[in-house]
Amino acid sequence: MLDLHIHTTASDGSLTPTQVVQLARKKGFSLIAVTDHDTMGGVAEALEAGKKYNVDVVPGVEISSGVTLEVHMLGYGMSPEHPVMKAMMEDMRAARVERMERIIENLQKMGVPITVEEVEAVAGGAIGRPHIAQVLIAHGLVPDVRTAFREYIGVGAKAYVERRKMTSEQVVANIRDAGGVPVLAHGGLLRISEVELNQWIDSMAKKGLMGLECYHNAHTPQMERLLRAAAERNGLLVTGGSDFHGASRPDVEMGTGLSRWNDRQACRGRFLQAVAQTQHDLHMRA
């Protein structure tokens, strides 16, 4: 079994990279990808744990991109130490911190007793809105994460702040320049029509996009078919991932949403071949 979209405590997951690998081993997964939000800080630990527990781990990242439309892009196979990735991760980290500070400032103006230090202590790594939600819960201001987003920090909520992001085209170019494989994450969650989604995919395929996450916990069978057709039409890789976060999303287990991925072994082979090829091409350019 495989799961190519997993988060750890390096961003907003509840399990450390080692614990994620241990869980993968326990559940019988032979291949996983660690794809934390805007950071590759958990990759080294996950790779080391993979060797120890005999689980193949692909280094990855999930990057929020787009200007008018927020698009999440998965990147696979890059080294966290590649100059392009280091620069992009630093820019993403700075944008996250800037946004969190502004959200917290908005909350303070509303009389909510919350500090940056509290949120950083909860995060332990890359800071994000789920960590603010946890602090709001700890203060007894909301009963759960869902309410925190609806009342305070979600889109359109009282303290919401939009984050500065790179364009999807630039993120794809950076991932490829670093020897990685760029894949659209959970396309079914984009706030556009099916016609617009197909148009976006066709356009991005010409700009370096290499794959589509066709299987995801939020995708319907209809969306899976749409994305599979788009992948075939554009010669793109087919991937799948649960978007596992651990305790913060208890309804999503490792492997959730992948049950209908009947040709996963064939897709796995093509995916690993593409990762190996992009790394080979990078070394040839060096």
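Above this text sits the structure in question.
None of these values were measured; they are calculated from a predicted model. (Residues numbered from 1 in each chain as written. Predicted model: local features only at pLDDT ≥ 70, side-chain atom pairs only at ≥ 80, totals over all residues. Heavy atoms only, no water.)

Undergrad: Give a description of the pairing of strand 5 (residues 181-184) that names residues and reports values.
TA: With burial as the criterion, each face of strand 5 is covered, one bearing Val181 and Val183 and the other bearing Pro182 and Leu184. Where strand 5 meets strand 6 (residues 211-215), two bridges bridge the pair, whose relative direction is parallel. Looking at strand 6, one finds that Leu184 is bridged to Leu212. Running through helix 8 (residues 194-205), the crossover from strand 5 to the neighbouring parallel element strand 6 is right-handed. (Buried < 20%, exposed > 50% of the residue type's maximum accessible area, 1.4 Å probe, protein only. Helix = DSSP H or I, 4+ residues; strand = E, 2+ residues; numbered from the N terminus. Pairing = 2+ DSSP bridges. Right-handed = clockwise from strand over helix to strand, strands pointing away.)

Undergrad: Outline the sheet that holds strand 6, supporting the account with residue identities and numerical values.
TA: Pairing within the open sheet is mixed, and its seven strands lie in the order 1-2-3-4-5-6-7. The strands lining the two open edges of the sheet, one partner per strand, are strand 1 (2-6) and strand 7 (237-240). Between one strand axis and the next, the sheet turns through 30 degrees on average, direction left out of account. Helix-sheet contacts for helix 2 (residues 43-53) involve strand 2 (31-34) and strand 3 (56-65), and the interaxial angle to strand 3 is about 160 degrees. On the sheet, helix 8 packs against strand 4 (71-76), strand 5 and strand 6 and is oriented at approximately 170 degrees with respect to strand 5. (Axes fitted to C-alpha atoms, helices over the stretch in contact; angles between N-to-C directions. Contact = heavy atoms within 4.5 Å.)

Undergrad: Can you lay out the state of the cysteines for me, pointing to particular residues and giving the numbers?
TA: The full count for this structure, using the stated rule, is zero disulfides. The thiol of Cys214 is unpaired, and the distance to the nearest cysteine sulfur, on Cys267, comes to 7.8 Å. (Disulfide = S-S within 2.5 Å.)

Undergrad: A description of the packing of helix 3 (residues 83-109) against helix 7 (residues 168-177) should follow, citing residues and the corresponding values.
TA: Describing two packed helices takes the angle between their axes plus the distance from one axis to the other. Interhelical geometry of helix 3 versus helix 7 gives an angle of 145 degrees and a closest axis separation of 8 Å. Crossing handedness for the pair helix 3 and helix 7: left-handed. Between helix 3 and helix 7, the residues in contact are Val84, Met85 and Met88 and Val171, Asn174, Ile175 and Asp177, respectively. The residue inventory of the contact of helix 3 with helix 7, partitioned by class, reads five nonpolar, one polar and one charged. (Left-handed = near helix turned anticlockwise from the far one by under 90°. Nonpolar A, V, L, I, M, F, W, Y, C, P; charged D, E, K, R; others polar.)

Undergrad: Now, about the nonpolar core: what can you tell me, with residues and values included?
TA: In this structure, Tyr76, Met88, Leu184, Ile201, Leu209 and Leu212 are the most contacted members of the largest nonpolar core, which totals 51 residues. Of all the elements, helix 9 (residues 221-234) adds the most residues to this core, at five residues. Here Met88 is in contact with Ile63, Met166, Val171, Asn174 and Ile175, once residues within four sequence places are set aside. Counting residues in each nonpolar core, the second largest holds 19 residues, with Ile104, Val112, Ile114 and Ala148 among its members. (Core = buried A, V, L, I, M, F, W, Y, C linked by side-chain atoms within 4.5 Å.)

Undergrad: Describe the packing of helix 5 (residues 129-138) against helix 6 (residues 145-153), naming the residues involved and giving the relevant values.
TA: Put simply, helix 5 and helix 6 touch, their axes get as near as 9 Å, and they point 100 degrees apart. Between helix 5 and helix 6, the crossing angle belongs to the class labelled roughly perpendicular. Each of Arg129, Pro130, Ile132, Ala133, Leu136 and Ile137 in helix 5 lies in contact with helix 6, whose residues at this interface are Val145, Ala148, Phe149, Tyr152 and Ile153. Among the residues making up the contact of helix 5 with helix 6, the classes are represented as ten nonpolar, no polar and one charged. (Parallel < 35°, antiparallel > 145°, perpendicular 65-115°, else oblique.)

Undergrad: So, the pairing of strand 6: which residues are in play, and what are the values?
TA: For a regular strand, the rule is simple: side chains alternate between the two faces of the sheet. Counting buried residues in strand 6 gives five out of five residues, a clear majority hidden from the surface. On the question of chirality, the crossover connecting strand 6 to the parallel strand 7 by way of helix 9 is right-handed.

Undergrad: Tell me what's going on with the packing of aromatic side chains, and back it up with residues and numbers.
TA: For any two aromatic rings, the description comes down to two numbers: the centre-to-centre distance and the angle of the planes. Scanning the entire structure with this criterion turns up two aromatic pairs. Measuring from centroid to centroid gives 4.9 Å for Tyr76 and Phe271, while their planes differ by 90 degrees, and the two rings are edge-to-face. Taken together, the positions of Tyr76 in strand 4 and Phe271 in helix 10 (residues 264-285) put the pair 195 residues apart, joining distant regions of the chain. Judged on exposure class, the residue Tyr76 and its partner Phe271 are both buried. Centroid distance Tyr215 to Trp261: 5.4 Å. Interplanar angle 15 degrees. Geometry classified as stacked. On the criterion of sequence distance, the pair formed by Tyr215 in strand 6 and Trp261 in the loop between strand 7 and helix 10 is long-range, its members being 46 residues apart. For the pair Tyr215 and Trp261, one class covers both residues: buried. (Phe/Tyr/Trp six-rings, centres within 6.5 Å; stacked < 30°, edge-to-face > 60°.)

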